[in-house]
Protein chains: 2
Amino acid sequence: MLTQLGKNAKRAAAELAVAPTENKNDILKAMAQALRDNSEKILDANAKDIENGRKNGMAGSLIDRLMLTPTRIEDMAKGIEEIILLPDPVGKILWETERPNGLKIQRVTVPLGVIGIIYEARPNVTSDAAALAIKAGSAVILRGGKEAFCSNCAITDCMRDAVKSTGFDPDIVELVRDTSRESSAALMRLNEYVDVLIPRGSASLINAVVENSTVPVIETGAGNCHIYVDSDADIDMAADIVFNAKTQRISVCNAAESLLLHKDIAELALIAIKARLDEKNVVLYGDEASRAICPDIEPADGDDWAREYLDYKMSVKVVSSLSEAVEHIRKYSTGHSETIVTENTQNAEEFLNRVDSSAVYHNASTRFTDGGEFGFGAEIGISTQKLHARGPLGLPQLTSFKYKIYGNGQTR
Amino acid sequence: MLTQLGKNAKRAAAELAVAPTENKNDILKAMAQALRDNSEKILDANAKDIENGRKNGMAGSLIDRLMLTPTRIEDMAKGIEEIILLPDPVGKILWETERPNGLKIQRVTVPLGVIGIIYEARPNVTSDAAALAIKAGSAVILRGGKEAFCSNCAITDCMRDAVKSTGFDPDIVELVRDTSRESSAALMRLNEYVDVLIPRGSASLINAVVENSTVPVIETGAGNCHIYVDSDADIDMAADIVFNAKTQRISVCNAAESLLLHKDIAELALIAIKARLDEKNVVLYGDEASRAICPDIEPADGDDWAREYLDYKMSVKVVSSLSEAVEHIRKYSTGHSETIVTENTQNAEEFLNRVDSSAVYHNASTRFTDGGEFGFGAEIGISTQKLHARGPLGLPQLTSFKYKIYGNGQTR
């Protein structure tokens, strides 16, 4: 079954790969309109998912993620329309040369082909991911969580009808309608038809995909993001940045989870930062040195340094040097985003060079690691691996390239 | 054991990652010199491998690949010295922007970190791969075939001594000295310490790595390369290109394996091409239409279209259109290199756009898909996957990137 799905997607992808920008945008326009036109059908389907979720005792926060409203469907349509406005990432000449033998070589961006997305119970991913893939010239195979099954079917059906109305093969958008573990495992081994798998969701979902997939994966990972307050930091700035990075939105991967303080500034900085974090009742888990400054800090256990709390919680540690901060980050970071707060540009540059994460900041909040904030427009996730693409995965990161070589009979 | 190796490599990689070009070149110079200085030791070790190989009935062609001579060791040293001359791929600003909020964002190339290489019985890969990884700022974990065990130990020992003599940590070059299947399997799951695995060698080795690795892989794949002779082809040029691509070196992945002929030109073209291939006694396996033209062509069975012969053998098929040629290639190609021979530039452009392979040629031999021929200098292999890098893997393809973001207190 999944093999047939893969075959169909690969066949449909071949036409889409060479489609001009205008045609791809026409598909997206039709998809956005179809979501609006079928709003009621989608809401009805979503109501069934919500009912099933409640019956099965789904947590309130998950019900909230699963629930669609007319406004949320309108946002999904608008999300697709924003992608229409983004530049086409396909067909860009990245590099060209002429060799002494007269061969002209171009490295040109091309679509990835077929992109598989494995995600959980957020129905808006269904339209977001499909729209990004199509603009990048790739077919998409969606495999959403079973909790959103009815919603995903309704959204996909209306997107496929929209694709068909533009004369393209609807198989550029496929939904895996078998939500068993077996179907998910089969998708992870569909190397013949799927060029890349992007898991979106919890750490356990992502780990399962990394562990079991033979298809190349772009890991969109967890964020144990650090803020290091250097001895030469502006303390007010440090407090603002920590407050923002920790509390502006706690549930996201670019929220800060760990605070490192240089010993020479630790006391003043910690008192100022803690005063701000207290406004939101952030619980701190600290080492001995930080607890000596603020005794109401909870003692950290060894696991705290590696923890992505996604909560009003943060670990805190005093370090004796910038090098110790870098070592600590290298040991515990997930490679997402880290900040140094300092007025010393040499220290800043050393931190930015030595810390091996997708985004490294001088005097700014980690919350900026985001496709929109980087000016990429919509993104499909934040990559924490080093292969292919790191950081926010915008349209340009959803392409591959090929070499086009022009000769006049050259042989070796 | 392997975990300790991984830890050591990751630790050593951190220093190498920020080393200036000059220091990396000093390491390479010392390594080249060490190979020369230890030539006898390496030859002695190699003699043991050859003796074991002969005892175990190793085929002559494999003995030849395994055997080192003073000239081959000198070539390995020269190979390292050529890498010294290549530009440093690390620290290049690929893109930069200033956002409306004043954040300055740079996308900068960085080393991959730790590169694992799994290969067979070619001891020269040991020094080639190590030198390329080091110039790209990464540590390398080498896992060569057990047939070359003594040679690889000797080569690695002298490279490690050379690294040490420059003041760097010798653990930037590690050899897995346990050549069991288990050690190989463990390396494929060393995600915490290894950033990418590159298999080099036979299709079965590569498949085993793709199948079993949880570490991201760059697949360096087989080449079932096609040449399509269009109705508007220059027949002499077609014959030259096919002759070169098929016979100049039969054992390599960019050699041509399949010939497609447009029906309108099939008879004239096939007679001319076959006359050239007959000089080298190339055996053709053809469909009915081609056998109707040349009855001494062997009948192709269904498997011939997908076969990478690596021999004086080639499949041949008559197609009724450029579209049929493209369809055939999409179905059977391994995505390596394909050529169209035609005087019609529109047909050429259609072929180059529609054929989904790493290198697509107009009027040139597939044999040019090579780091040296593309002007990249040395390469570590040819990638046939779409993720990260496609085609020849030169130094720039052995890097990742990070975002460096400069602020003055920005929060969201």
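These numbers come from a predicted model, not from an experiment. (Residues numbered from 1 in each chain as written. Chains lettered and ligands numbered in written order. Predicted model: local features only at pLDDT ≥ 70, side-chain atom pairs only at ≥ 80, totals over all residues. Heavy atoms only, no water.)

Chemist: Lay out the overall build of chain A with the relevant residues and their values.
Modeler: Assigned secondary structure in chain A consists of 14 helices and 16 strands. Relative to its length of 412 residues, chain A is compact, with a C-alpha radius of gyration of 24 Å against a globular reference of 22 Å. Once the C-alpha set of chain A is aligned to its principal axes, its extents read approximately 70 × 70 × 35 Å. Relative to its full complement of 412 residues, chain A shows a buried share of 58%. Working note: accessible area of chain A is about 15700 Å², and carbon and sulfur atoms make up 47% of it. Counting 46 positive and 59 negative side-chain charges, chain A places the centres of these two groups 7 Å from one another. (Helix = DSSP H or I, 4+ residues; strand = E, 2+ residues; numbered from the N terminus. Rg over C-alpha atoms; globule rule 2.2 N^0.38 Å. Buried < 20%, exposed > 50% of the residue type's maximum accessible area, 1.4 Å probe, protein only. Areas by Shrake-Rupley, 256 points an atom, 1.4 Å probe, with all protein chains shown as cover. Lys, Arg positive; Asp, Glu negative; His and termini not counted. Charge placed at Lys NZ, Arg CZ, Asp CG, Glu CD.)

Chemist: Kindly report on the packing of aromatic side chains, identifying the contributing residues and their values.
Modeler: All names here are of chain A. Tallying each qualifying case throughout the model produces 16 aromatic pairs over all chains. Ring geometry for Y285 versus Y309: centroids 5.7 Å apart, planes at 20 degrees, classification stacked. Placement of Y285 in strand β9 (residues 283–286) and of Y309 in the loop between β10 (298–299) and β11 (313–319) is noted, with a sequence separation of 24 residues between them. Y309 sits in the buried class, given a relative accessible area of 13%. (Phe/Tyr/Trp six-rings, centres within 6.5 Å; stacked < 30°, edge-to-face > 60°.)

Chemist: Tell me about helix α5 (residues 70–85) of chain A, and please be specific about residues and values.
Modeler: The α-helix advances 3.6 residues per turn, and as a result positions three or four apart in sequence lie on the same side. Residue and element names in this part refer to chain A. The terminal C-alpha atoms of α5 lie 23 Å apart, and with 16 residues this matches the ideal 22 Å at 1.5 Å per residue to within 8%. The set of residues buried in α5 consists of I73, M76, A77, G79, I80, I83 and I84. Taken down its axis, α5 places every buried residue within 155 degrees of arc, on the same side. Turned more than 90 degrees away from the buried face of α5, the exposed residues are P70, T71, E82 and L85. (Expected span 1.5 Å × (residues − 1). Arc of directions from axis to C-beta.)

Chemist: A description of the pairing of β11(A) should follow, citing residues and the corresponding values.
Modeler: Residue and element names in this part refer to chain A. For β11, the tally of buried residues reaches six of seven residues, placing the bulk of the element in the interior. With five bridges joining them, strand β8 (residues 256–262) and β11 adopt parallel strand pairing. Paired with L261 across the strands is V318, a residue of β11. (Pairing = 2+ DSSP bridges.)

Chemist: I'd love a proper account of the environment of B:E324, names of residues and values included.
Modeler: Residue and element names in this part refer to chain B. If you trace the backbone, E324 turns up in helix α13 (residues 322–332). In the structure, E324 is positioned 64 residues away from L260 in sequence and 9.6 Å away in space, judged by C-alpha atoms. Not counting residues up to four positions away in its chain, the partners in contact with E324 are K317, V318 and V319. Of note is the side chain of E324, whose polar atom sits 2.8 Å from the side chain of S320. (Contact = heavy atoms within 4.5 Å. Polar contact = N/O pair within 3.5 Å; in protein donor to acceptor, adjacent residues only side chain to side chain.)

Chemist: Help me get a handle on the relation of the copies chain A and chain B, residues and values and all.
Modeler: Take chain A, turn it by 180 degrees, move it 0.0 Å along the axis, and it overlays chain B with an RMSD of 0.0 Å. One copy is carried onto the other by what is essentially a two-fold rotation axis. Taking C-alpha positions as reference, the residue of chain A nearest the rotation axis is A:H388, located at 1.8 Å. Same-surface contact between copies: 100% of interface residues of chain A are shared with the interface of chain B. (Least-squares fit on C-alpha atoms with pLDDT ≥ 70 in both.)

Chemist: Could you give me a rundown of the interface of chain A and chain B, with the residues and numbers involved?
Modeler: Each side of the interface is counted separately: chain A has 77 residues, and chain B has 77 residues. When chain A packs against chain B, close to 6300 Å² is buried across both sides, 52% of that on carbon and sulfur atoms. Area buried by chain A at its contact with chain B is led by A:K386, A:L387 and A:R412, which between them contribute 14% of it. Between the two partners, chain A and chain B, sit ten salt bridges. In this assembly, chain A and chain B are joined by 47 residue pairs in polar contact (both at pLDDT 80 or more). Its residues assigned to classes, the side of chain A that touches chain B comprises 31 nonpolar, 27 polar and 19 charged. In the sheet, strand β16 (residues 399–410) of chain A pairs with strand β13 (residues 359–364) of chain B via five bridges, with the strands oriented parallel. The residue bridging A:K404 from the neighbouring strand is B:V360, located in β13(B). (Buried area = accessible area lost by both parts, 1.4 Å probe. Salt bridge = Lys/Arg side-chain N within 4 Å of Asp/Glu carboxyl O. Nonpolar A, V, L, I, M, F, W, Y, C, P; charged D, E, K, R; others polar.)

Chemist: Can you lay out the environment of A:M314 for me, pointing to particular residues and giving the numbers?
Modeler: Positionally, A:M314 belongs in strand β11. With residues up to four places along the chain from it excluded, the contact list for A:M314 reads A:V242, A:K246, A:A256, A:E257, A:S258, A:L259, A:L277, A:V282, A:V283, A:L284, A:Y285 and A:Y309.

Chemist: Outline the sheet that holds strand β6 (residues 196–200) of chain A, supporting the account with residue identities and numerical values.
Modeler: Residue and element names in this part refer to chain A. Within the open sheet, the four strands sit side by side as β5-β4-β3-β6. Their pairing is parallel. Two strands close off the open sheet at either side, each with one partner strand: β5 (173–175) and β6. Ignoring which end each strand starts from, the neighbouring axes of this sheet average 20 degrees apart. Bridge analysis of strand β4 (residues 139–143) against β5 gives three bridges, and the strand direction is parallel. Bridge pairing links I141 to E174 in β5. Sheet strands in contact with helix α1 (residues 2–17) are β3 (114–119), β4 and β5, and its direction is about 145 degrees off that of β4. (Axes fitted to C-alpha atoms, helices over the stretch in contact; angles between N-to-C directions.)

Chemist: I'd like to hear about the environment of A:G113, residue by residue, with values.
Modeler: Tracing the backbone through its elements, the reader meets A:G113 in the loop between β2 (104–111) and β3. Under the relative-accessibility criterion, A:G113 is labelled buried at 12%. In this structure the C-alpha to C-alpha distance between A:G113 and A:F243, which are 130 residues apart in sequence, comes to 42 Å. Those residues within four positions of A:G113 in sequence are excluded, and the remaining contacts are A:A13, A:S138, A:A139, A:D195 and B:K386.

Chemist: I'd like to hear about the sheet that holds strand β7 (residues 225–229) of chain A, residue by residue, with values.
Modeler: With mixed pairing, the ten strands of this open sheet are ordered in space as β10(A)-β9(A)-β11(A)-β8(A)-β7(A)-β12(A)-β13(A)-β16(B)-β2(B)-β1(B). In this open sheet, the two edge strands, each paired with only one partner strand, are β10 of chain A together with β1 (93–98) of chain B.

Chemist: Can you tell me about the side chain of B:S290, naming the residues and giving the values?
Modeler: Considering the arrangement of structural elements, one finds B:S290 in helix α12 (residues 288–293). Setting aside anything within four residues of it in sequence, one finds B:S290 in contact with B:L270, B:I297, B:V316 and B:V318.

Chemist: For a negative patch on the surface, give the residues involved together with the corresponding values.
Modeler: On the surface, A:D232, A:D234, A:D236 and A:E343 cluster together into a patch of negative charge. You can call A:D232 partly exposed: its relative accessible area is 33%. (Patch = residues over 30% accessible without salt bridge, like charges linked within 9 Å, V, L, I, M, F, W, Y side chains within 5 Å.)

Chemist: Give me the packing of helix α3 (residues 39–55) of chain A against helix α7 (residues 149–165) of chain A: which residues, what numbers.
Modeler: Residues and elements named next belong to chain A. One way to put it is that α3 packs onto α7 with a least axis distance of 7 Å and a crossing angle of 160 degrees. Comparing their axes, α7 and α3 come out roughly antiparallel. As for the relative orientation of α3 and α7, their crossing is right-handed in sense. Touching K41, I42, A45, N46, K48 and D49 of α3 are F149, C150, S151, A154, I155 and C158, all from α7. Grouping the constituent residues of the contact of α3 with α7 by class yields seven nonpolar, two polar and three charged. (Parallel < 35°, antiparallel > 145°, perpendicular 65-115°, else oblique. Left-handed = near helix turned anticlockwise from the far one by under 90°.)

Any functional reading would require information beyond the geometric quantities listed.
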